[in-house]
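Given next are the chains, with one letter for each unit.
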Amino acid sequence: MVMFVKKNLQRIIKNRALEISIIYALVGGGWILFSDMLLDRLLEYNAPLRILKGVLYAIVTALLLYVLIRRHESSVKQSTEALQLEEQKFHALFENANDAILLYELTENNMPSNFIEVNQAACRRFGYTRDELLSMSPLSITQENRLEMIPSIFDKVVRQGSFTWEGSNITKDGRLVQSEYSVRVLTLGGKKVVLSIVRDITARKRAEEILRESEAKYRLITENMSDLIGVVNVDGVALYASPSHKTVLGFPPEHYEGNFVFDLVHPEDIALVKQRFRTMLETKERTRVEFRYAHFHGHWVFVEAHGTPVIDEYGNVEKIVVVARDITKRKQTEEQLLKSEKLAVVGQLAAGVAHEIRNPMTALKGFLQLISRQGENARYCNIMLSELDRINTIVDEFLMVAKPQVQKFQHNDVRNLLRDVIILMNAQGTMSNVRVSINFEPSVPMVPCDGNQLKQVFINIIKNAIDAMPLGGDIEIQVTHEGNKVFIRFIDNGCGIPEERIPRLGEPFYTTKEKGTGLGLMVSYRIIEAHHGEIRISSEVNKGTMVEVVLPTRDEHVSSMSHHLVAHP
């Protein structure tokens, strides 16, 4: 490459000398004509001085040529030194470049010919000596399946003047080296010459491949895991939300990205969440928090979130990575365990209390009946006997919670059970001005159940509905089925139950009635659970309540024995 450039530089210097010679000839010719005319005019009438004309002309011309030659020599020297300096710089850059640099001419049909200059990096890259490369062309080191692309590539090179692409080279030992080609068309000595810079991108390609594999792996994890993954900046704005947000919370990831993450936190939990967020920014340590987050369908989802701060090179929190999971079922299980513990305590208490109360109650009731027969204070005795009956009813409910009960499972038609209950409750409904209507599907599958226990559940629910309508009202009972489940709905238009109190229904001694104990609904829950069903309650204050009992129609969850023992805690 250096020799090639040196030859061109020498050609340029020779052209410069020719240019100066022409200028000298023009200036000299002009001087001769001008000086000759000037001397003729000055010496026309001075014959002696004419003799000196030739001498004067020779002296002046010699001085002028001397000055011009000295200036030319100085100019040539400066140009030569400058060219030598540029040559040294170019040689240093050319030979010490890390990238392979190759120079080759183009043929008439724009195809590359043999290399005319290569640097040391090219020799190292391809494994050939300089002389070997100078006897080769770019086609010699091009991958065979890429040769057909060469004409189109060099058409673009000539048309655009420069072009960059990626490909593979073959080294002397047969290895394939991934390379990036940057080529530019130059004109030197009237010929089209291509300057090609070839960079080894094997390491870069490998790094890109590793990065793609890593991204694909983490994308596979984040897009298919049930946990929620998010990235939040220090202002609380979501930068990223994983696709699992759609599955768990109903909103697509785009709904969160660019918005404040606190906007969908439950109002009762938002202060705690913000406080933990600020603490994490201050301490730069991981934190954990449980809170409720809004679902697309309007309900709240309990989530457990772990936040990890990402620290930048200056030691500041740059962003926060949040991994959260839905713990709603876990919360429900914890509540059920808490209820079970309460029931266990209540059961133990009930067994002792019922025994201790019933014995003196029997004596009291006997003596009151004896006193009432004597006619003295009979009215007071009747009141006391009525209250003792109420105490006895409560004791019976205690015992129902406390002691194991034998359940007799048979296939029953719940419609017949409901008809028996309605007949039983009609009198109380009439006294309270409550009308009971039924709406049964014509064909409902049989349900494996203990008929007496289900009747007890239905009676408890209807009594609660009647108590919720002190001024009278309507109760509609619906029976439907879908799949392997039967749905029994009790719908009233009573006073309703506040939404925040519904989750606690079924707890012992928790009631919304003035004189209630909460045991009736608790026993109902336990009976339906023993039948592998569930009770659902929805209500709106001043509009009414719907209690839905769901029972399975198949008995695979129930023992095949007609009798089995279910122990209540």
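The rules behind each value
- Residues numbered from 1 in each chain as written.
- Predicted model: local features only at pLDDT ≥ 70, side-chain atom pairs only at ≥ 80, totals over all residues.
- Heavy atoms only, no water.
- Helix = DSSP H or I, 4+ residues; strand = E, 2+ residues; numbered from the N terminus.
- Buried < 20%, exposed > 50% of the residue type's maximum accessible area, 1.4 Å probe, protein only.
- Salt bridge = Lys/Arg side-chain N within 4 Å of Asp/Glu carboxyl O.
- Expected span 1.5 Å × (residues − 1).
- Polar contact = N/O pair within 3.5 Å; in protein donor to acceptor, adjacent residues only side chain to side chain.
- Pairing = 2+ DSSP bridges.
- Axes fitted to C-alpha atoms, helices over the stretch in contact; angles between N-to-C directions.
- Contact = heavy atoms within 4.5 Å.
- Phe/Tyr/Trp six-rings, centres within 6.5 Å; stacked < 30°, edge-to-face > 60°.
- Lys NZ or Arg CZ within 6 Å of the ring centre and 35° of its normal.

*Asks:* Go over the environment of Leu385, please, and point to the residues and values.
*Replies:* Here Leu385 is to be found in helix 10 (residues 378-402). Looking at Leu385, the relative accessible area reads 13%, which means it is buried. In the structure, Leu385 is positioned 17 residues away from Leu368 in sequence and 7.1 Å away in space, judged by C-alpha atoms.

*Asks:* Which residues make up the pattern of salt bridges, and what values do they have?
*Replies:* Applying the stated criterion across every chain yields a total of 27 salt bridges. In this structure, Asp269 engages Arg292 in a salt bridge whose closest nitrogen and oxygen atoms are separated by 3.0 Å. Of the two residues, Asp269 is situated in the loop between helix 7 (244-249) and helix 8 (270-283) and Arg292 in strand 8 (residues 287-294); the sequence distance between them amounts to 23 residues. By relative accessible area, which is 19% here, Arg292 ends up buried. A salt bridge links Glu290 to Arg330; the nearest nitrogen and oxygen atoms lie 2.9 Å apart. Placement of the pair is Glu290 in strand 8 and Arg330 in helix 9 (residues 328-373), with a sequence separation of 40 residues. Taking the relative accessible area as the measure of exposure, Arg330 reaches 34% and is therefore partly exposed. Among the charged side chains, a network of salt bridges with common partners joins Glu166, Glu180, Arg204, Lys205 and Glu208.

*Asks:* Tell me what's going on with helix 12 (residues 451-467), and back it up with residues and numbers.
*Replies:* The terminal C-alpha atoms of helix 12, which comprises 17 residues, lie 24 Å apart, in line with the 24 Å expected from a rise of 1.5 Å per residue. Among the residues making up helix 12, those that are buried are Gly451, Gln453, Leu454, Val457, Phe458, Asn460, Ile461, Ile462, Ala465 and Ile466. Here helix 12 starts with a cap whose side-chain oxygen sits 3.2 Å from the backbone nitrogen of Asn452, and that cap is Asp450.

*Asks:* Give me the sheet that holds strand 17 (residues 534-540): which residues, what numbers.
*Replies:* Sheet architecture is open: five strands sit in the order 13-15-16-18-17, paired in mixed fashion. The open sheet has two edge strands with one neighbour each: strand 13 (434-440) and strand 17. Averaged over all adjacent pairs, the angle separating strand axes in this sheet is 15°, with direction ignored. As defined by bridge partners, strand 17 adjoins strand 18 (residues 544-552) across seven bridges and the pair is classed as antiparallel. Its bridge partner being in strand 18, Ile537 is matched across the sheet by Val547.

*Asks:* Just give me the short version of helix 8, but keep the residues and values in it.
*Replies:* Helix length check: helix 8 (14 residues) gives 20 Å between terminal C-alpha atoms against 20 Å at 1.5 Å per residue, within 8%. Summarising the contacts, the buried residues of helix 8 are in contact with strand 6 (228-233), strand 8, strand 9 (300-311) and strand 10 (317-326). Two residues or fewer past helix 8, Lys284 is found with a positive phi of approximately 60°.

*Asks:* Please set out the pairing of strand 15 (residues 473-482) residue by residue, giving values where relevant.
*Replies:* As judged from the seven bridges shared by strand 13 and strand 15, these two strands associate in the parallel manner. Residue pairing across strands places Arg435 opposite Asp474, the latter belonging to strand 15. Pairing of strand 15 with strand 16 (residues 485-492), which is carried by eight bridges, proceeds in the antiparallel orientation. Looking across to strand 16, one finds that Gln478 is bridged to Arg489.

*Asks:* I'd like to hear about the packing of aromatic side chains, residue by residue, with values.
*Replies:* Applying the stated criterion across every chain yields a total of ten aromatic pairs. For the pair Phe291 and Tyr293, a centre-to-centre distance of 5.8 Å together with 80° between the ring planes defines the contact as edge-to-face. Site record: aromatic cluster; members linked through ring pairs are Phe251, Tyr256, Phe291, Tyr293 and Phe296. Here the basic side chain of Lys274 rests over the ring of Phe262, its NZ or CZ set 5.7 Å away from the ring centre.

*Asks:* Residues and numbers for unusual backbone geometry, please.
*Replies:* Residues other than glycine seldom take positive phi values, yet His532 does so here, at roughly 60°. If you trace the backbone, His532 turns up in the loop between helix 13 (519-530) and strand 17. Judged by its relative accessible area of 43%, His532 falls in the partly exposed class.

Everything listed is a geometric property; what it means functionally is a separate question.
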